[in-house]
Amino acid sequence: MKLKGANVLVTGGAGFIGSWIAETLADKNNVRILDALITGKKQNIPEGVEFIKGDVRNAGDVRAAVKGVDIVFHQAANVQIPLSIEDPVFDSDVNVRGTLNVMEACRKSGVKRVVYASSSALYGNPEKIPTPETCYPDPLSPYGTSKMAGEYYTKVYSSLYGLETVSLRYFNVYGPRQNPDSPYSGVLSIFSKNIKEKRSLTVFGDGRQRRDFVNVRDVVEANILAATADGVSGEAFNIGTGIAVSINEIISMLGKIAGKNLDVMYSERRQGDARKSCADTRKAREELGFSPKIGLEEGLRELLQS
Ligand code: UD1
């Protein structure tokens, strides 16, 4: 399968990762976006891209959006772990039922392949770090559970109905356009906004929790590889860098780049927060040919400048 002249749907295409995928593909493909604009923003929608305002929770909206489409990048989701703890039903409606609506519509309309945004959150606190895909999933939150359920649905649609599906277990994705406006937003989007606005940073817990931060441009590349690779249907791949950095280390890197000591406050550890998360990247490298290119320092520099 080639990604040129294809009819592509990006669910959640007005959001952070989805808008990067849509923008990158819009050059050589016919791209359509389905987004309910709950957390996504109209200004993220790239020019020349068709936009349907609709919700993955609504099967009719999804059916209309997949008409004539070859490849779907299913990015629409609740991505906020604390929100899933506050409102697990909302999280499940979007992430489980929404995914099921997408899979059903794709099965019935002859879509060739679906690339699903899964999450490393399904591992919880895994036994092995770096964590290979074979590690037993043991989520710590409704979010990790709903992402796992969505992933397993995509796998079953591959084996039962022959719809090609590939799941990408994103680790901590960061980069420009990640929305910093909720207290539950991605940590780097919040930290970079606060530094620019000369406000203090809050660390939840002791700051020694580690995350594998992967740049959104590399994640776009992973999606393109997943959409085009042969022999990977029904498979799941870790999308990370294989390097885990603590929140305290991130703060000293940001301080160095900003050229000043940052004002930091420590607050209570968050419920459902994993201690350490780090991808074993071998499977993605060997089977998709994925190798992340953007180093953390370069990525952080860009964030502070954007
Ligand atoms: C993130 C993603 C989730 C994804 C998962 C993959 C978001 C909002 N969450 O969850 O969708 O599936 O990675 O593993 O993109 N923290 C602070 N101060 C802050 C904000 C956060 O100390 O102001 C801490 C958190 O407690 C956590 C770490 O930073 O320990 C990362 O938090 P966050 O960016 O929310 O990501 P995850 O919870 O890892």
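Residues numbered from 1 in each chain as written. Predicted model: local features only at pLDDT ≥ 70, side-chain atom pairs only at ≥ 80, totals over all residues. Heavy atoms only, no water.

Observations regarding the site of the ligand
Line of reasoning, step 1. With respect to spatial proximity, 24 residues lie near the ligand, and among them Ser119, Ser120, Tyr143, Val187 and Asp273 are the closest.
Line of reasoning, step 2. The contact in question runs from an oxygen atom of the ligand to an N or O atom on the side chain of Asn172, over 3.0 Å.
Line of reasoning, step 3. Thr202 is positioned such that a nitrogen or oxygen atom in its backbone is 2.7 Å from a nitrogen atom of the ligand.
Line of reasoning, step 4. Summarising the interface, the protein chains cover 92% of the accessible area of the ligand, which totals 730 Å² for the free molecule.
Line of reasoning, step 5. Secondary structure elements with two or more residues in the shell around the ligand: helix H6 (187–196) and strand S8 (201–204).
Line of reasoning, step 6. Here the shell around the ligand is composed, by residue class, of 13 nonpolar, eight polar and three charged. (Near = heavy atom within 4 Å. Polar contact = N/O pair within 3.5 Å; in protein donor to acceptor, adjacent residues only side chain to side chain. Areas by Shrake-Rupley, 256 points an atom, 1.4 Å probe, with all protein chains shown as cover. Helix = DSSP H or I, 4+ residues; strand = E, 2+ residues; numbered from the N terminus. Nonpolar A, V, L, I, M, F, W, Y, C, P; charged D, E, K, R; others polar.)

Some details on the sheet that holds strand S5 (residues 113–119)
Line of reasoning, step 1. Spatially, seven strands are ordered S3-S2-S1-S4-S5-S6-S11 in an open sheet, and the strand pairing comes out parallel. Each end of this open sheet is capped by a strand with a single partner; those strands are strand S3 (50–53) and strand S11 (235–239). Between one strand and the next, the sheet's axes are offset by a mean angle of 20 degrees, whatever the strand orientation.
Line of reasoning, step 2. In the sheet, strand S1 (residues 7–11) pairs with strand S2 (residues 30–35) via five bridges, with the strands oriented parallel. (Pairing = 2+ DSSP bridges. Axes fitted to C-alpha atoms, helices over the stretch in contact; angles between N-to-C directions.)

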